[in-house]
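# Descriptive analysis of the structure
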Amino acid sequence: MKRFYGTDLPNPLMLGTAQYPSPAILEQAFRQSAAGVATVSLRREGAGGAGQTFWSMIRELGVLVLPNTAGCHTVKEAVTTAHMAREVFDTPWIKLELIGHTDSLQPDVFQLVEAARILTEDGFQVFPYTTDDLIVGERLLAAGCEVLMPWGAPIGSGRGLNNEYALRAMRAEFPDVPLVVDAGIGLPSHAAHAMELGFDAVLLNTAVARAGDPAAMAKAMALAVQAGQLAHQADPIEARDMAEASTPVIGKAFLS
Amino acid sequence: MTVWSVIGAGVAGLAVASELVSRGARVQVFDPGGPPGPHGCSWWAGGMLAPWCEYENAEEPVLRLGQQAIDWWADRTQVHRQGTLVVANARDLPDLRRFARRTEGFEQVEQEKISLLEPDLHGFGKGLHFSAEAHVDPRQALNDLYRQLCEQGVEFHQKLAPAKMENAIDCRGLHAREYLHDLRGVKGEMLVIRCPDVALNRPVRLLHPRMPLYIVPRGDGIYMLGATMIESEDSSRITARSMLELLSAAYALNPAFGEAEVLEIGVDLRPAFPDNLPRIRRLGRTIYANGLYRHGYLLAPALAQGVADLALENKHSEMVDEDRP
């Protein structure tokens, strides 16, 4: 498995920490899935340590913490939030999210590249939430990112991999870059699909947090991610148009 | 005869005092804030007695224990038994279907029935009507409890409770976190608006993937708009974003709310344990009753009954999670 800024993930599942019915259920979801990374938002929970109690619960999960800039719409906001995150969680990791469109929460890739450059120069290790556009991916790498996180579908939409072709192209274009499908995953089959395409990890939140039984769904996602990863490593067969019998039929009384 | 000292005169403390008195116990109440008022978070609550709706995102005890609340409150204050109407904009209908799957006790309603229930709601083709739900005006409820307790001879002391009291029942919400280390605050923000142009008969919940909000009629064209839920312990001010979200929800229900006057802005912290369910703990000579979260009025009766069971009969209700007298 590829390393993320020199760190090995214990498990290719990254889970968000928003929208759970309670912190106790959030914790169960992490226990059940053994997710390796927890993303956590800071923008709304506020500066001045107002979110400390919740954040210490996240720290106590004992997983890698990937703070994010969810809810930021400008470079300046995102950079400020990233600095706060570095202080609160004592990590150079930052999931950079710069929203360009209120309804689809589509990333503003122009500001994203700019913010990625500023933060990288400042010593951050940036995980950019981006679209599946190859040129944007190249620009992010040129700005110093060593991980790319393209969307599967808009945040919270649960639509799965909207553009499999583009994600395949991205995998082929950046064979050595750790790639994470971030956003749009609704079902374990979507997560497995991403891993089958050769992605290195999957990041999701709503699909687990808003499920009727978040802990069970988290476990289902973990199993799916593992299945997809194994399948990718096992070199799956190609699809074909005609049947290919798995046992020879010539010489058997197959017409009787 | 034992005198029970209830510390804190918010919804938890007053409910506990009321339950104890109704079982014949002698009670006094300490609260340096004095009679019910804006110093307590229950002053800012929605007052919805909506166990079926809440079950959408809460655990089973909220549904079961919450159902007892309506009759408990009806014995003590005015309960509005108008039900709850849940609606969503057309593009958020998946949220309405999800809501329906996760709960019970509703009737699916279409545009015609919605107009019948709430003539001033426009443009909602589908909804859920929870006819058995109810609501109280939280301030009226607190004042009624306070007045009844005074009439029943309960003494209210407007000061801090003396240290190391016998038979103390600590209902101070977040102020008790020094003794309850797993208690946290969850920020809530609300608005009170006046809009005589719109007449709503019952609490209406507007589902939205990121900001589900509700509006509760208080009579005379006054409405309570609530409430945000933020994992933050800063209760100093409302944020612009929260205010925008609250007002846009009202505006989405009826654009006439755009002309409403903003009467009050409320910000406070809900006391909550990690599973967002209330707890009763007896530690030494003090019983702690806390963690009502967003279910102050819905679960205070069950909490009060649990405290009375423990204090008077040494019976352990399901809310008791620790007993080290």
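Just above, that's the structure.
Below you will find a few notes about this structure.

Here the focus is the packing of aromatic side chains. In the structure shown here, the tally under the stated rule is 11 aromatic pairs over all chains. Measuring from ring centre to ring centre gives 6.2 Å for Trp-55 of chain A and Phe-89 of chain A, while their planes differ by 65°; the resulting arrangement is edge-to-face. Of this pair, Trp-55 of chain A sits in helix 2 (residues 52-59) while Phe-89 of chain A is found in helix 3 (residues 75-89), placing the two residues 34 residues apart along the sequence. Classification of Trp-55 of chain A by relative accessible area gives buried; the value is 1%. An aromatic cluster is built from Phe-4, Tyr-5, Trp-93 and Phe-127 of chain A, whose rings are joined through pairwise contacts. Arg-76 of chain B extends its terminal NZ or CZ atom over the ring of Trp-72 of chain B, reaching a point 3.7 Å from the ring centre. A cation over a ring is seen here: Arg-139 of chain B above Trp-44 of chain B, with NZ or CZ 5.1 Å from the ring centre.

This part takes up the packing of helix 3 of chain A against helix 4 (residues 109-121) of chain A. Residues and elements named next belong to chain A. Contact pair helix 3 / helix 4: the axes reach a minimum separation of 9 Å and the direction vectors enclose 35°. Regarding helix 3 and helix 4, the two cross each other, and that crossing is right-handed. Along the contact surface, helix 3 presents Val-75, Val-79 and Ala-82, while helix 4 presents Gln-111, Glu-114, Ala-115, Ile-118 and Leu-119.

The relative placement of two packed helices is expressed as an angle between their axes plus a distance between the axes. All names here are of chain B. Where helix 1 (residues 11-22) meets helix 7 (residues 138-151), the axes come as close as 10 Å, and the angle between the chain directions of the two elements is 40°. Between helix 1 and helix 7, the angle falls in the class oblique. The interaxial crossing formed by helix 1 with helix 7 has left-handed handedness. Together, Val-11, Leu-14, Ala-15, Ala-17, Ser-18 and Val-21 of helix 1 and Leu-142, Leu-145 and Leu-149 of helix 7 make up the contact between the two elements. Among the residues making up the contact of helix 1 with helix 7, the classes are represented as 8 nonpolar, 1 polar and no charged.

Turning our eyes to something else, we now look at the state of the cysteines. All names here are of chain B. Per the counting criterion, the structure on display carries 0 disulfides over all chains. Cys-171 supplies the cysteine sulfur nearest to Cys-150, a cysteine that is in no disulfide, at a spacing of 17 Å. Classification of Cys-150 as partly exposed rests on a relative accessible area of 35%.

Moving on, we come to the interface of chain A and chain B. In this assembly, 19 residues from chain A lie in contact with 24 residues from chain B. Between the two partners, chain A and chain B, sit 1 salt bridge. Salt-bridge contacts for Arg-210 of chain A lead to Asp-95 of chain B; the nearest nitrogen and oxygen are separated by 3.6 Å. Contributions of two or more residues to the side of chain A that touches chain B are made by helix 1 (23-33) and helix 2 of chain A.

So, about unusual backbone geometry. In this structure, Ala-183 of chain A takes a positive phi of about 85° despite not being glycine. With respect to the secondary-structure elements, Ala-183 of chain A resides in the loop between strand 7 (180-182) and helix 7 (188-196). You will see that Asn-314 of chain B, though not glycine, has its phi angle at about 55°, which is positive. In this structure, Asn-314 of chain B sits in the loop between helix 9 (296-313) and strand 17 (320-324). When its relative accessible area of 49% is taken as the criterion, Asn-314 of chain B is described as partly exposed.

About the criteria used
- Residues numbered from 1 in each chain as written.
- Chains lettered and ligands numbered in written order.
- Predicted model: local features only at pLDDT ≥ 70, side-chain atom pairs only at ≥ 80, totals over all residues.
- Heavy atoms only, no water.
- Phe/Tyr/Trp six-rings, centres within 6.5 Å; stacked < 30°, edge-to-face > 60°.
- Helix = DSSP H or I, 4+ residues; strand = E, 2+ residues; numbered from the N terminus.
- Buried < 20%, exposed > 50% of the residue type's maximum accessible area, 1.4 Å probe, protein only.
- Lys NZ or Arg CZ within 6 Å of the ring centre and 35° of its normal.
- Axes fitted to C-alpha atoms, helices over the stretch in contact; angles between N-to-C directions.
- Left-handed = near helix turned anticlockwise from the far one by under 90°.
- Contact = heavy atoms within 4.5 Å.
- Parallel < 35°, antiparallel > 145°, perpendicular 65-115°, else oblique.
- Nonpolar A, V, L, I, M, F, W, Y, C, P; charged D, E, K, R; others polar.
- Disulfide = S-S within 2.5 Å.
- Salt bridge = Lys/Arg side-chain N within 4 Å of Asp/Glu carboxyl O.

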